[in-house]
Amino acid sequence: MVRSVKFVVAIILFAQLASAALTPEELLARHQDNLAYASPFANYPHLAVEPSQVARTHLLTKRDANADVSFIHGVASGDPLSDRVILWTRVSPQSASVASASVSYEVSTTRDFATIVKTGTVVTSADVDWTVKVDATDLAPQTTYFYRFNAGGVVSPVGRTKTFPAANATVDNLRLGLVSCSNMPHGYFVAYRQMAKKDLDAVIHLGDYIYEYDLASYPAIGGALPAERNPMPAKTITSLSDYRQRHAQYKTDADLQLVHAAHPFIQVWDDHEFADNAFQNGSLDHKPATDGTWATRKLVAARAFHEYIPIRTGEASADLLKIYRGFKYGDLVDLLMLDTRIEGRETGGNGWTGKDRPTRKLIGAEQEKWLHTSLVESKAQWKVLGNQIILAQMPGKILDWEWSVTGDMWIAYPTTRNALLGLIEDKKINNVVVLTGDFHSSVASDLYRDERKYERRSGKGSVAVEFAVTSVTSAGPAQDSWFLNKLAVPVVHATNKGAKFVDLYQHGYMLVNFDRQRVRTEHYFMRSIKDRADDTEILGAVLESNSGSNRITKTYIP
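Throughout, a residue's number is its position along its own chain's written sequence, starting from 1. Given that the model is predicted, a residue must reach a pLDDT of at least 70 before its local features are reported, and side-chain atom pairs must reach 80 or more before they are shown or counted; all residues, however, enter totals for whole chains, interfaces and linings. With hydrogens and water excluded, all non-hydrogen atoms of the structure serve as input to the side-chain values.

Draft legend 1. Spatial organisation of the overall build of the protein. Helix and strand assignments follow DSSP, with helices taken as H or I runs no shorter than four residues and strands as E runs no shorter than two, numbered in order from the N terminus. Scanning the protein from N- to C-terminus turns up 11 helices and 28 strands. Taking the principal axes of its C-alpha atoms as reference, the protein extends roughly 75 × 55 × 45 Å. Methods summary: accessible areas were calculated by the Shrake-Rupley approach with a probe of 1.4 Å, and residue burial reflects only the protein chains presented. Of the accessible surface of the protein, which amounts to about 20900 Å², a share of 54% is contributed by carbon and sulfur atoms.

See below:
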């Protein structure tokens, strides 16, 4: 009873604090405190938006009378630094008369919000699809916080987040969750539900967080799910309204809401946040006659991504869209999140395109310089790349004919790939770990520059290691078939001498633990993605790489 009374009192005080924080005039003058209004990229200032006149008039005349809202899309946090973290939510008006809303946030060191350390108030409106995105600053390093939002007395669910340690702090452990490729019609997100229960410092999502297809363009394997998981809108998305609606649909998933509320995310996009096999200047799946110009589609997809994902805005030169960025976890880990998809990628291999391979670039010159410099200058024990696509050796081409699946990987961009592996080898950069998504498979590999110098049994010649996580639900190369997996796995081993574990059909997530002695990965597979009530997980493999070895030193497959 006493706890209930305290909770009610806290809600009342929170509502009073929210209404007293800023006047409507001040909120409008500072509308970009809600980062959703800001341009996602400083080099694209025209992408910034302002509250419409209707939104302004509503805020000025209604004076915060906006209790007719709800928080059906949950809460999220992301891009944690040592002193700040991005907080996110979306307000859903329950009446057409609501044209804008003032939304306050509250950050506490306790789940009951007895100790408040940060508050603020921002405005949102239909101009940013009612999203709220704030950078909560002046926080303490390596500290767990709880946060919530309030709109006119309606309070959101509570989220939990965590800041990173100071860059120069001595740290002995980092525990990450790793996921990618979550297709709503293909299965239930039970992997997210299990990750929400884990004790993690952060979750890395390597892209394909949403899928752009209509239902027929990418049919599910093993039976369709209820219509509630069919894509919304019921089309291949191409416009700003389309991408917003698809992001909003995914954010209503209960399991996705659980994991977002439990852990801060560090995310990058891959192709399906735009279109299949997207690159800087197009997509093999984009049809200008029906989809409009690629330049427009790319920018509206990027804006929707930044409205719905707790990521900081970026700055690049010319017409580049920059989301590559770095994070320091004390002196233990330097995490470099790459964009191997949109920023600088040229079109990949697809059929008789093999003659183009030597001249292709996977990433832009600025990103490549940043990546190489960061690796050379890093003082951290572990240098970790968050990377969308497989870096390991894979089946590439027959004569000049390229398979489109591996024509999308690093192997199809030999100049960029050899430059990276050559730098690691020539500069003797130890403890480089590549974390990868996209392939809908679990593949753990030694990485080598020259196949002639690599010894499969001993691992001699390996310069780094790669751990690729399977998909949350998206169908794998073996079409979710145990039998086809048995046939296909030997092909991967035959072309990738460094492969230590390969699974091409199961779905799940990965846990990654860094300490002073080793990096340890645990590959968890879900027993079913077709039964939402069944969230049973199975440990599929454990792999380790000892510090200084630059190879996979232990493999345990139950």
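On we go from here.
Draft legend 2. Just the UniProt feature "domain: Phospholipase D N-terminal" (unreviewed entry) in the protein, in detail. UniProt positions are given in the numbering used here, feature names are shortened, and annotations may be inferred rather than shown by experiment. Those residues carrying the UniProt feature "domain: Phospholipase D N-terminal" (unreviewed entry) are residues 73–163 in this numbering. For residues 73–163, helix accounts for 0% and strand for 56%, while the C-alpha atoms at its two ends are 23 Å apart.

Draft legend 3. Just the nonpolar core, in detail. What we call a nonpolar core is a set of buried Ala, Val, Leu, Ile, Met, Phe, Trp, Tyr and Cys residues that are connected through their side-chain atoms within 4.5 Å. Here the term buried applies to any residue with accessible area under 20% of the maximum for its type, exposed to any over 50%, and partly exposed to those in between, with areas from a 1.4 Å probe on protein chains only. Trp269, Val333, Val433, Phe467 and Phe514 are the most contacted members of the largest nonpolar core, which totals 82 residues. Delimitation of the domains relies on an automatic or database domain assignment. Here this core spans two domains, since at least three of its residues come from each of domain 1 (24–163) and domain 2 (173–556). Dropping the residues within four chain positions of it, Val433 is found in contact with Trp382, Lys383, Val384, Leu385, Val465, Phe467, Phe514 and Val519. Listed in part, the 37 residues of the second largest apolar core include Leu420, Val443, Leu504 and Tyr505. Contacts: residue pairs with any heavy atoms within 4.5 Å of one another.

Draft legend 4. Region of the structure containing the pattern of salt bridges. Criterion for a salt bridge: a side-chain nitrogen of Lys or Arg within 4 Å of a carboxyl oxygen of Asp or Glu. According to the stated counting rule, one finds 39 salt bridges in the structure shown. Between Asp83 and Arg84 there is a salt bridge, and its shortest N-O distance comes to 3.1 Å. When its relative accessible area of 26% is taken as the criterion, Arg84 is described as partly exposed. With its nearest N and O atoms 3.3 Å apart, the salt bridge here joins Arg532 to Asp255. Highlighted residues: Arg532 in the loop between strand S26 (518–526) and strand S27 (537–546) and Asp255 in helix H6 (residues 254–262), separated in sequence by 277 residues. When salt bridges with common partners are traced through the structure, they connect Arg193, Lys197, Asp255, Arg532 and Asp535 into a single cluster.

Draft legend 5. Highlighting the domain arrangement of the protein. According to the domain assignment, the protein consists of domain 1 (24–163) and domain 2 (173–556). Here the C-alpha centre of domain 2 lies 30 Å away from the C-alpha centre of domain 1. Contact residues are listed per partner, giving 42 residues for domain 1 and 39 residues for domain 2. Here domain 1 meets domain 2 over a buried area of about 3200 Å², counting both sides, of which 51% is carbon and sulfur. Buried area, as used here, totals the accessible surface that two parts lose on assembly, with accessibility defined by a 1.4 Å probe and the loss added over both.

Draft legend 6. Here's a closer look at the environment of Glu537. For Glu537, the position within the fold is in strand S27. Sequence spacing of Glu537 and His523 is 14 residues, and the spatial spacing of their C-alpha atoms is 10.0 Å. Those residues in contact with Glu537 that sit more than four places away from it in its chain are Gln194, Lys198, Tyr509, Tyr524, Phe525 and Met526. In this structure the side chain of Glu537 is engaged in a polar contact, spanning 2.5 Å, whose partner is the side chain of Tyr509. In protein, a polar contact means a hydrogen-donor-capable atom and an acceptor-capable atom, both N or O and within 3.5 Å, with residues adjacent in sequence counting only if both atoms are side-chain atoms; elsewhere, any N or O pair within 3.5 Å suffices.

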